[in-house]
Amino acid sequence: TMKKPHAGFWLATLGLGVCWLLALLTRDRLNGILLAGAALALIFTPAARRKGAALAALGGIGMDGLWSYSGVLHYSGQHGLPLWTIALWIGFGCWWYWLLDLVRAAPWPLAVLGAAVGPFAYAVSWKLDALLPGVSPEFMLLLLAVGWSIYLPAVSWLQWKRRDS
């Protein structure tokens, strides 16, 4: 079942997409703006969703850190995680928990969604030279698919727990 999303949700969705594209195209040149936007997103996230949003952001930052530090991928011109990725994860966490308030999703569909959409985002990032595979591209995308198929259901757990209580 799905609640009807209002204009604010669609505006936030558009904003996250624009920030993602700006981050990929400008990399570190807009870190201050991206981090300020991420902070505002967290501040304006309702208190009931804030813990989940922060957990989703930390999970994503941890996952990207694992990929980067293990050599699966490398961010262009960086050692470790660039600040723009951290800003995007905070924005994504806030957006994701808003989406979970609107859509009742089960773990398996989220795992499939993560396996498809997660690697796609990294493939776009790679094509825009924001990151480079550290292993064969096919192996990188396979690892990303596995990671995202675990990540999305795992970070959604708090929302299911809250909804069922």
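Conventions and cut-offs
Residues numbered from 1 in each chain as written. Predicted model: local features only at pLDDT ≥ 70, side-chain atom pairs only at ≥ 80, totals over all residues. Heavy atoms only, no water. Helix = DSSP H or I, 4+ residues; strand = E, 2+ residues; numbered from the N terminus. Buried < 20%, exposed > 50% of the residue type's maximum accessible area, 1.4 Å probe, protein only. Contact = heavy atoms within 4.5 Å. Areas by Shrake-Rupley, 256 points an atom, 1.4 Å probe, with all protein chains shown as cover. Lys, Arg positive; Asp, Glu negative; His and termini not counted. Charge placed at Lys NZ, Arg CZ, Asp CG, Glu CD. Phe/Tyr/Trp six-rings, centres within 6.5 Å; stacked < 30°, edge-to-face > 60°. Lys NZ or Arg CZ within 6 Å of the ring centre and 35° of its normal. Core = buried A, V, L, I, M, F, W, Y, C linked by side-chain atoms within 4.5 Å. Expected span 1.5 Å × (residues − 1). Arc of directions from axis to C-beta.

With that settled, consider the overall build of the chain. Each helix and strand in the chain was counted, giving six helices and two strands. The buried share of the chain, reckoned over its 165 residues, is 42%. Within the chain, contacts between residues at least 6 apart in sequence are counted, and of these 82% link residues at least 24 apart. In the form shown here, the chain has an accessible surface area of approximately 8,700 Å², with 75% of it arising from carbon and sulfur atoms. The averaged location of the 6 negative side-chain charges in the chain is 13 Å from the averaged location of its 12 positive side-chain charges.

Looking now at the environment of Leu58. With respect to the secondary-structure elements, Leu58 resides in helix H3 (residues 47–70). Residue class for Leu58 comes out exposed when judged on its relative accessible area of 61%. Linking Leu58 and Ile86, residues 28 residues apart in sequence, is a C-alpha distance of 8.7 Å.

All chains considered together, the criterion is met by 14 aromatic pairs. Pairing Phe9 with Trp98 gives two aromatic rings, centres 5.6 Å apart and planes at 80°, and the pair type is edge-to-face. Taken together, the positions of Phe9 in helix H1 (residues 7–26) and Trp98 in helix H4 (residues 83–102) put the pair 89 residues apart, joining distant regions of the chain. Three or more aromatic residues joined by ring pairs form one cluster here, namely Phe9, Trp10, Trp89, Phe92, Trp95, Trp96, Trp98, Tyr122, Trp148 and Tyr151. Of note, Lys127 hangs over the ring of Trp126, and the distance from its end group to the ring centre comes to 4.1 Å.

Before going further, it helps to spend a moment on the nonpolar core. Note on soluble globular proteins: their nonpolar side chains tend to be buried together. Leu73, Trp84, Phe92, Trp96, Tyr122, Trp148 and Tyr151 are the most contacted members of the largest nonpolar core, which totals 42 residues. Mapped onto this core, the elements with two or more residues apiece are H1, helix H2 (31–44), H3, strand S1 (73–75), H4, helix H5 (107–127) and helix H6 (137–164). In terms of residues, this core owes the most to one element, H4, which gives 14 residues.

In this model, H2 (14 residues) spans 20 Å end to end at C-alpha, consistent with the 20 Å of a helix rising 1.5 Å per residue. Taken together, the buried positions of H2 are occupied by Asn31, Leu34 and Ala38. For H2, the buried positions fall inside an angular range of 70° around the axis, keeping them on one side. Those residues of H2 that are exposed and angled more than 90 degrees off the buried face are Gly32, Ile33, Ile43 and Phe44. Those residues of H2 hidden inside the fold are in contact with H1 and H4.

Read these as layout, nothing more, since geometry by itself doesn't imply function.
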